[in-house]
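# Structural overview for review
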Amino acid sequence: VQLQAFGGGLVQAGGSLRLSCAASGRTFSSYVMGWFRQAPGKEREFVAAITSGGGITYYAHSVKGRFTISRDNAKNTVYLQMNSLKPEDTAVYYCTAGSRLATMAQPYDYWGQGTQVTVSS
């Protein structure tokens with residue numbers, strides 16, 4: 001599976017962005033999909049994940065209530081709607097695919113190239 005994330009950019013605090021991650025291959029619908037982020041000088045951290053059918057979602061505490069993960073298996077795409085953005089959300093955001101829902105990076109098998117999100121105060 002090849003993943004390509006896009007939709008990042010510069011936004012003011014309180015604003016919104018929607019990230020998309022397009023996947024190649026016919027097995028997209030069998031994968032758990034996730035989003036992680038990495039800020040400068042910090043470790044990569046879990047943001048959100050969604051099961052293969054979209055029935056279960058899970059969020060990091062820091063984004064719960066502000067971010068929404070969703071997927072369209074017909075379009076091989078996973079989304080991350082980010083609302084009420086804060087400067088501390090500034091990071092490179094990565095989409096990832098794996099066989100089970102996890103909040104650690106290691107269980108995920110495939111990673112996209114990342115898209116920069118910058119939130120100004």
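Everything that follows concerns the structure shown earlier in this document.
Structural notes, computed from the coordinates.

Cut-offs and rules
Sequence order sets the numbering: in each chain, residues are counted from 1 along the sequence as written. The predicted origin of the model limits local features to residues at a pLDDT of at least 70 and limits the giving and counting of side-chain atom pairs to 80 or more, whereas totals for whole chains, interfaces and linings rest on all residues. Values reported for side chains reflect all heavy atoms of the structure, with hydrogen atoms and water molecules removed beforehand. The set of buried Ala, Val, Leu, Ile, Met, Phe, Trp, Tyr and Cys residues whose side-chain atoms join them within 4.5 Å is what this entry labels a nonpolar core. Categorising residues by exposure relies on relative accessible area from a 1.4 Å probe, with only protein chains included: less than 20% of the type maximum marks a residue as buried, more than 50% marks it as exposed, and the intermediate range marks it as partly exposed. Runs of H or I in DSSP of at least four residues are treated as helices and runs of E of at least two as strands, each being numbered from the N terminus. Here, two residues are considered to be in contact whenever any of their heavy atoms come within 4.5 Å of each other.

### Quick word on the nonpolar core
- In this structure, Trp35, Leu80, Met82 and Tyr93 are the most contacted members of the largest nonpolar core, which totals 36 residues.
- Among the secondary structure elements, those contributing two or more residues to this core are strand S1 (3-6), strand S3 (17-23), strand S4 (32-38), strand S5 (45-50), strand S7 (67-72), strand S8 (77-82), strand S9 (91-98) and strand S11 (115-120).
- With five residues, S5 is the single largest residue contributor to this core.
- The residues touching Tyr93, leaving out its near neighbours within four places in the chain, are Leu19, Trp35, Phe36, Arg37, Val47, Phe67, Leu80, Met82, Gly114, Thr115 and Val117.

### Here we look at unusual backbone geometry
- Even without a glycine there, the phi angle at Asn76 is positive, about 55°.
- Within the secondary structure layout, Asn76 lies in the loop between S7 and S8.
- The residue Ser84 is not glycine, and still its phi comes out positive at about 50°.
- Take Ser84: it is sitting in the loop between S8 and S9.

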